[in-house]
Amino acid sequence: MDQNALKEQTGKESVKYIKSGMIVGLGTGSTVKYMVDELGKQVQEGKIKDIIGVTTSSRTAKQATDLGITIKDIDDVDHIDLTIDGADEISDDFQGIKGGGGALLWEKIVANASNKVMWIVDESKLVHKLGAFPLPVEVIPFGAQHVFNRLEKKGYKPTWRMDGDQKYRTDENNYIIDLHLGEIDDPKSLADELIHMVGIVETGLFLNRVNDVIVGTQNGPKVLHAR
Ligand SMILES: O=C(CO)[C@H](O)[C@H](O)COP(=O)(O)O
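Residues numbered from 1 in each chain as written. Predicted model: local features only at pLDDT ≥ 70, side-chain atom pairs only at ≥ 80, totals over all residues. Heavy atoms only, no water.

### A few points about the overall build of the protein chain
- For the protein chain, the helix and strand inventory stands at 6 helices and 15 strands.
- For a compact globule of 227 residues, the expected C-alpha radius of gyration is about 17 Å, and the protein chain comes in at 17 Å, within 12% of that figure.
- Once the C-alpha set of the protein chain is aligned to its principal axes, its extents read approximately 55 × 35 × 35 Å.
- Across the protein chain, the fraction of contacts at a sequence separation of at least 24, relative to all contacts at a separation of at least 6, is 74%.
- Carbon and sulfur atoms make up 50% of the accessible area of the protein chain, which amounts to about 10,700 Å² in all. (Helix = DSSP H or I, 4+ residues; strand = E, 2+ residues; numbered from the N terminus. Rg over C-alpha atoms; globule rule 2.2 N^0.38 Å. Contact = heavy atoms within 4.5 Å. Areas by Shrake-Rupley, 256 points an atom, 1.4 Å probe, with all protein chains shown as cover.)

Shown next, in the form of structure tokens:
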């Protein structure tokens, strides 16, 4: 099976955890796309009833709406039962990097409002230590070049996330700077340092935020329990 087939496997498997009546956080990315397609199918077939989706990006909102899934704004629900989202890297101790798809800010807000969080990944995303995947940080446009320069001075090897020849814009109209760190020895202190730099709105370090992970493997989906 190639990587896409593994993403499809884990995406479809995760829908088994969505029960009728739930308020479900819908993540972003190519793996989540398979999950939302399957969820839409089961909603249309009447197998899953009365669910409400809270989406983590305008892309997922459009996909879910097109499939007939009822969507509510995060501020119109008081909790989320379960959020299913993708991830870019998951370390041995279940810490993660997210934001490869540019939706890290809304993804973290939705995760924080969720009783349970499940990540769905293919096996290539499991790593010993975080950092081979460039760490995204979301920055507001005002003064963003100064933030970039500070990150460069710190040796964090920043690059602008691009969309063609323009800087990529998030759903909040912010920019993303990707940090090419290689290996992150202490994710917690790095997250603390970055979040206190004025202009940075959020980082792609998702620490202690996942309960279960479904991994797509050549031998079928495997469930890992984090906490
Ligand atoms: O964090 C994300 C988007 O911001 C995605 O969940 C992450 O990038 C994984 O994406 P994919 O399933 O396409 O590999």
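Moving on, there is more to tell.
### Points about the site of the ligand
- Neighbouring residues of the ligand: 17 residues in total, closest S30, T31, D88, G99 and K125.
- One of the side-chain N or O atoms of T31 is found 2.5 Å from an oxygen atom in the ligand.
- In this structure, K125 approaches the ligand through a side-chain N or O atom, which is 2.7 Å from an oxygen atom.
- In isolation the ligand offers 370 Å² of accessible surface; the protein chains occlude 92% of this area.
- Looking at side-chain class alone, the shell around the ligand contains 2 nonpolar, 9 polar and 6 charged residues. (Near = heavy atom within 4 Å. Polar contact = N/O pair within 3.5 Å; in protein donor to acceptor, adjacent residues only side chain to side chain. Nonpolar A, V, L, I, M, F, W, Y, C, P; charged D, E, K, R; others polar.)

### Focus: the nonpolar core
- In terms of nonpolar packing, the biggest core is built from 23 residues, with V137, V139, L151, I177, L179, L194 and L205 touching the most fellow members.
- Listing elements by their share of this core, those giving two or more residues are β7 (135-139), α5 (144-153), β11 (175-179) and α6 (187-195).
- With 4 residues, α5 is the single largest residue contributor to this core.
- Not counting chain neighbours up to four residues away, the residues in contact with I177 comprise L135, P136, V137, V139, A144, F148, L151, P158, T159 and W160. (Core = buried A, V, L, I, M, F, W, Y, C linked by side-chain atoms within 4.5 Å. Buried < 20%, exposed > 50% of the residue type's maximum accessible area, 1.4 Å probe, protein only.)

### Topic: unusual backbone geometry
- The backbone phi angle of D50 is positive, close to 55°, even though this residue is not glycine.
- Structurally, D50 can be placed in the loop between α2 (30-44) and β2 (52-55).

### Looking at the side chain of K108
- With respect to the helices and strands, the residue K108 is situated in helix α4 (residues 104-112).
- Judged by its relative accessible area of 6%, K108 is buried.
- Within polar-contact distance, the side chain of K108 engages the backbone oxygen of T203 at 3.0 Å.
- Not counting the four nearest positions on each side in its chain, K108 is found in contact with E202, T203, L205, F206 and R209.

### Things to note about the pairing of strand β6 (residues 114-122)
- Judged by how many residues are buried, β6 sits mostly within the fold: 7 of 9 residues are covered.
- Of the strand pairs in this sheet, strand β3 (residues 80-85) and β6 are connected by 5 bridges, and their pairing is parallel. Among the inter-strand pairings, I80 is bridged to a residue of β6, identified as S114.
- The sheet contact formed by β6 and strand β14 (residues 212-217) spans 5 bridges and is parallel. (Pairing = 2+ DSSP bridges.)

### As for the packing of aromatic side chains
- The tally for this structure, following the rule as stated, stands at 3 aromatic pairs.
- Seen in terms of ring centroids, W119 and F206 are 6.4 Å apart; in terms of plane orientation they differ by 65°. Their pairing is edge-to-face. On the criterion of sequence distance, the pair formed by W119 in strand β6 and F206 in strand β13 (residues 205-206) is long-range, its members being 87 residues apart. F206 carries the same exposure label as W119, and that label is buried.
- Within the aromatic cluster, the residues linked to one another by ring pairs are F148, W160 and Y175.
- Over the ring of F206 we find K98, and its NZ or CZ is 5.5 Å from the ring centre. (Phe/Tyr/Trp six-rings, centres within 6.5 Å; stacked < 30°, edge-to-face > 60°. Lys NZ or Arg CZ within 6 Å of the ring centre and 35° of its normal.)

### Let's talk about the sheet that holds β13
- Judged by pairing direction, the sheet is antiparallel, and its 3 strands sit side by side in the order β4-β5-β13 without closing on themselves. This sheet does not close on itself; its edge strands, each paired only once, are β4 (89-90) and β13.
- Sheet topology note: the strand β5 (residues 96-97)/β13 ladder contains 2 bridges and is antiparallel. Bridging across to β13, I97 finds its partner in L205.

### Section: the packing of helix α1 (residues 3-14) against α2
- Running from N to C, α1 and α2 cross one another at 45°; their axes reach a closest spacing of 7 Å. The angle between the axes of α1 and α2 places the two elements in the oblique class. Remark: the crossing between α1 and α2 carries right-handed chirality. Judged by residue contacts, N4, K7, E8, T10, G11, K12 and S14 of α1 engage S30, T31, Y34, M35 and E38 from α2.
- Residues of the contact of α1 with α2, tallied by class, amount to 2 nonpolar, 6 polar and 4 charged. (Axes fitted to C-alpha atoms, helices over the stretch in contact; angles between N-to-C directions. Parallel < 35°, antiparallel > 145°, perpendicular 65-115°, else oblique. Left-handed = near helix turned anticlockwise from the far one by under 90°.)

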